[in-house]
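Secondary and tertiary structure notes
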Amino acid sequence: MHEGDCAVCGGTVVNGTCPDCGDRKVYYDRSLSLYRYEAAARRMIAALKSGNSPELGRFLGERSADRFGSRALPDIITFVPVSKKRRRERGYNQAELIARSLGRRLGVPVRELLFSFGAGNQKRMHYHERFLNMLGRFGGDENGKIAGRSVLLVDDVFTTGSTVNECARVLKKMGAASVFSLTVARVDNKKVDV
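A brief structural summary.

**Observations regarding the overall build of the protein**
The secondary structure content of the protein amounts to 6 helices and 6 strands. For the protein, the N- to C-terminal ordering of α and β elements is β-α-α-β-α-α-β-α-β-β-α-β. Looking at the protein as a whole, 52% of its 194 residues are labelled buried. Summing over all exposed atoms, the protein offers an accessible surface of approximately 9500 Å²; the carbon and sulfur share of this is 48%.

**Remarks on the pattern of salt bridges**
Pairs can form between side chains of opposite charge once their charged atoms are near each other. One pass over the structure, following the stated rule, counts 8 salt bridges. Across the pair D29 and K172 runs a salt bridge, and its minimum N-O distance is 3.0 Å. Here D29 is found in the segment before β1 (30-36), whereas its partner K172 is found in helix α6 (residues 162-173), with 143 residues between them in sequence. Between E89 and R86 there is a salt bridge, and its shortest N-O distance comes to 3.6 Å.

**Section: the packing of helix α2 (residues 54-68) against helix α4 (residues 94-106)**
It is the contact of α2 with α4, at a shortest axis distance of 7 Å, that shows an interaxial angle of 45 degrees. Here α2 lies oblique to α4, going by the angle between them. The two elements α2 and α4 cross, and the hand of that crossing is right-handed. Here P54, G57, R58, L60, G61, E62, S64, A65, D66 and F68 of α2 come into contact with α4, specifically with L97, I98, S101, L102, R104, R105 and L106. Tallied by class, the residues present in the contact of α2 with α4 amount to 8 nonpolar, 4 polar and 5 charged.

Thresholds applied
- Residues numbered from 1 in each chain as written.
- Predicted model: local features only at pLDDT ≥ 70, side-chain atom pairs only at ≥ 80, totals over all residues.
- Heavy atoms only, no water.
- Helix = DSSP H or I, 4+ residues; strand = E, 2+ residues; numbered from the N terminus.
- Buried < 20%, exposed > 50% of the residue type's maximum accessible area, 1.4 Å probe, protein only.
- Areas by Shrake-Rupley, 256 points an atom, 1.4 Å probe, with all protein chains shown as cover.
- Salt bridge = Lys/Arg side-chain N within 4 Å of Asp/Glu carboxyl O.
- Axes fitted to C-alpha atoms, helices over the stretch in contact; angles between N-to-C directions.
- Parallel < 35°, antiparallel > 145°, perpendicular 65-115°, else oblique.
- Left-handed = near helix turned anticlockwise from the far one by under 90°.
- Contact = heavy atoms within 4.5 Å.
- Nonpolar A, V, L, I, M, F, W, Y, C, P; charged D, E, K, R; others polar.

This is the structure we're talking about:
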């Protein structure tokens, strides 16, 4: 499992500063990724996002469970939501497939805690634009279901951390005691156009 020097996001610390965390407020407690977003991982995620390979979601969830190791189990697993349009296009939410497979393997309940207002495509956005684009893009039911509980948030790719950060902000507003993220792959921060 890829873990860098940063205690928050797992990124590489340069001159005492994590380029991913920088000066922004970080709401997640820790972020782990299985692979670097290169070669095979990139191809798997592209196939999963194409909408034709739901079995890859199950495989990646099982792989995540295998690699989760002896870490303390969360109380609840949830996943980054996609817009209704994306879900219709793909036929599924790839993060949900991974989370449900992971939850079955670990014996941890998986709950759909968040919903998306839609964020558009961030592929061509610069680092700081991604964070601004994510603000207010997710919501959740604040009825106390997760008050004081630890939540594992699952997604496919950690690029800048903007999506994970905004989801974690909402989960903590809903009462989560801690939010950890697990992504299949992590983009090397030096490759993100800042």
